[in-house]
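Notes for the structure review
Residue strings, one per chain:
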Amino acid sequence: MKIYVPGDAAARALGADAVAAAVASQAGLRGLDIEIVRNGSRGMIWLEPLVEVETEAGRIGFGPLEPADVPALFDAPETHPKALGLVEEIPFFKAQTRLTFARVGRIDPLSLADYEAEGGLAGLRRALEMSAEARLDEVLASGLRGRGGAGFPAGIKWKTVAGAKAAQKVVVCNADEGDSGTFADRMLMEGDPFALIEGMAIAGLSVGATQGFVYIRSEYPNAIAVMRAACDAARGAGLLGPALLGNGPAFDIEIRVGAGAYVCGEETSLLNSLEGKRGTVRAKPPLPALHGFMGRPTVVNNVLTLATVPWIFAHGAEAYAAFGVGRSRGTMPFQLAGNIRHGGLFETAFGTTLGDLVEGIGGGTASGRPVKAVQIGGPLGAYFTPADFDMKLGYEECAERDGIVGHAGLVVFDDTADMGALARFAMEFCAHESCGMCTPCRIGSTRGVEVIDAMRAGDPEAETLLRDLCEVMTHGSLCALGGFAPYPVLSALNAFPAEFRPPRKEVAE
Amino acid sequence: MSQAERISEIVACHRGREGALLPMLHELQAAFGCVPVEAHKPICAALGITAAELQGVIAFYEDFRAAPQGRHVIRVCRAEACQAMGAEAMIARLERALGVRLGETVGAVTLEAVYCLGLCACGPAAQVDDRLIARATPERLAEEVRA
């Protein structure tokens, strides 16, 4: 009998290790021969630790489980108070279109046999049979855009690198997922690491790169351990190494660890960090595609971008592009976070509305109070209000309302949130994380904190100053850190101006 | 093995890699709890960089430190998703319960802020030593360092 107890960091933070130990000891007491699989998370975080028992009818879920709930799992599973029925019939799961996350939660993350049995390596095998031009056309035709936040077409980036002449080229996976409210990269790496490895191998093959790096933030020790083990296994099986799958060109991957700098999620500072330097932003041009790691032509793509590539090659660009809205093709693993009742990961086609995700799928706030604001796209993303619940989620659709999709994290706040304080926090965070290369970000963020403090103390001229400062940061910063920090600030100010004024009782005094 | 021997072993093990400095610093810190000042000269010699360049890198990254932390390290997330679940109030109560403020080490306990642990759907999130803790409360975190 197979019993699945997630080894995902969120499940473990909610007590999955103790549950796994209880499952092992209870099975031992009963003399049962069971296999415990530490799978990835299904993404229904409010049900974690979500234990699954394999039956003839399918996998039955139980959660959120505590060690004390485990004996009943063996004694009377049918009447278990935390039984959830077939996991894949749970509405939150069933309503999804899981392409990038197809295997996450289903398989043993470190079993290559599981991976292949669920469709893994079909994409790479097909890519190996295609011509160089056809491979690039496939990515281009899929409409896949950079999932890290910038939304740049992956196919164009790959074509640029493929066209560059160099003795060595590089594929770098950006796994420096620092945006609050996002955890999809972490879940993918912990739940289906071979998908990322396969995607990077296809990227290497397509652009002529032999060297690969995954740059993972140090705050993700669990993901680092899984990725290291998966790369070792892939090398051992001949998937990576001198010949991809034994007959392709050489490609290998090294795992590198960040060191607590948010700005290293920006691709040029990530490259500096990989080179062993301060993680400061580089001016573009030259583009990393032509002059990246150690001056070599380099593809820098996010985890989700690369992990989606195998699906595109296995099922065809057309099938992928059939999903989505406008110029946002395919699916996006949206992450429902913060004060939300049903928090977790929900992969669906672009074009779903904000209200559907927050109120429908997410079930509103965890506190049961009204939703006040939703920050989309991390600390540099805009705050939206329930008035925007009709907004379709897509790159252009969010931009039209002065926001970003970013890495598709949705952080929900209830009506107790202090939007003035959150705007101040956005500037404070920017000041804390600024790499210092450009003045608008380095100085502007600190001035931003001061000006918001002045507004909240009642300075009548501070608002004009803040808006002016935001304009300078938006247009004058070298990268998105300083350039986007005004999004949360101005969106909060425009929607909740009263929260940037002194509290009423102080005015009366 | 002496400290100097261990340092030269770690430096030698990484020096041939491209972009060796961060892996080197991470391993030194794993071995000593910090990047000991005694390692500066061997690193600079191995990588052909100046003391200023090395200091610039160490100072840039939040992770690298010149002195070891307390025996227990509590990291509490201050990022937006955890704020939405009351992280700021939780941290204030934790500071009072422990008698340690953010950024300080008192006795065996270091308390520091972290910006996102990737546990954004089960906040407030924290980490005590190598254990991740979701839906953290001051009582639970204080108990973890007493255990």
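The model shown is predicted, which means the values in this text are computed figures rather than measured ones.

**Thoughts on the sheet that holds strand β9 (residues 298–302) of chain A**
Residue and element names in this part refer to chain A. If you trace the 4 strands from one edge of the open sheet to the other, you get β8-β7-β6-β9, paired in parallel fashion. A strand with exactly one partner marks an edge of an open sheet, and here the two such strands are β8 (252–257) and β9. Strand-to-strand twist of the sheet, defined as the mean angle between neighbouring strand axes without regard to direction, takes the value 20°. Examined bridge by bridge, strand β7 (residues 211–216) and β8 share 6 bridges and lie parallel to one another. Residue pairing across strands places V214 opposite I255, the latter belonging to β8.

**Some points on empty space enclosed by the protein**
Applying the stated criterion to the full structure yields 2 cavities of 30 Å³ or more. Estimates place the volume of the largest cavity at around 60 Å³. For the largest cavity, the full set of lining residues is V263(A), V281(A), S434(A), C435(A), M437(A), C438(A), C441(A), S477(A), L478(A), C479(A), L481(A) and G482(A). Across the lining of the largest cavity, the residue classes break down as 9 nonpolar, 3 polar and no charged. Here the second largest cavity defines a volume of roughly 30 Å³. Y215(A), R256(A), V257(A), S273(A), L274(A), G19(B), L22(B) and P23(B) together form the lining of the second largest cavity. For the lining of the second largest cavity, the elements supplying multiple residues, two or more each, are β8 and α12 (267–274) of chain A together with α2 (21–32) of chain B.

**Digging into the packing of helix α7 (residues 132–142) of chain A against helix α8 (residues 154–163) of chain A**
Residues and elements named next belong to chain A. At a closest axis distance of 7 Å, the pairing of α7 and α8 adopts a crossing angle of 155°. What the angle tells us is that α7 and α8 run roughly antiparallel. Across from L136, D137, V139 and L140 in α7, the residues of α8 making contact are A154, G155, I156, W158, K159 and A162. Split into classes, the residues belonging to the contact of α7 with α8 amount to 7 nonpolar, 1 polar and 2 charged.

**Remarks on the side chain of E266(A)**
Mapped onto the elements of the fold, E266(A) is located in the loop between β8 and α12. This buried residue, E266(A), is left without a salt bridge; K284(A) holds the nearest opposite charge, at 4.3 Å.

**Quick notes on the sheet that holds strand β13 (residues 344–349) of chain A**
Residues and elements named next belong to chain A. Pairing within the open sheet is mixed, and its 5 strands lie in the order β13-β12-β16-β14-β15. With partners counted over all chains shown, the strands left at the sheet margins are β13 and β15 (383–384), one partner each. Pairing geometry for strand β12 (residues 331–338) and strand β16 (residues 409–414), over 4 bridges, is parallel. Residue pairing across strands places G338 opposite V412, the latter belonging to β16.

Reading guide: rules and limits
Residues numbered from 1 in each chain as written. Chains lettered and ligands numbered in written order. Predicted model: local features only at pLDDT ≥ 70, side-chain atom pairs only at ≥ 80, totals over all residues. Heavy atoms only, no water. Pairing = 2+ DSSP bridges. Helix = DSSP H or I, 4+ residues; strand = E, 2+ residues; numbered from the N terminus. Axes fitted to C-alpha atoms, helices over the stretch in contact; angles between N-to-C directions. 1 Å grid on protein atoms, 1.4 Å probe; cavity = no way out; pocket = protein on both sides within 12 Å on 5 of 7 lines; lining within 4 Å. Points joined across faces, edges and corners; volume = space filled by probe spheres on them. Nonpolar A, V, L, I, M, F, W, Y, C, P; charged D, E, K, R; others polar. Parallel < 35°, antiparallel > 145°, perpendicular 65-115°, else oblique. Contact = heavy atoms within 4.5 Å. Buried < 20%, exposed > 50% of the residue type's maximum accessible area, 1.4 Å probe, protein only. Lys, Arg positive; Asp, Glu negative; His and termini not counted. Salt bridge = Lys/Arg side-chain N within 4 Å of Asp/Glu carboxyl O.

The analysis is restricted to geometry; functional conclusions fall outside its scope.
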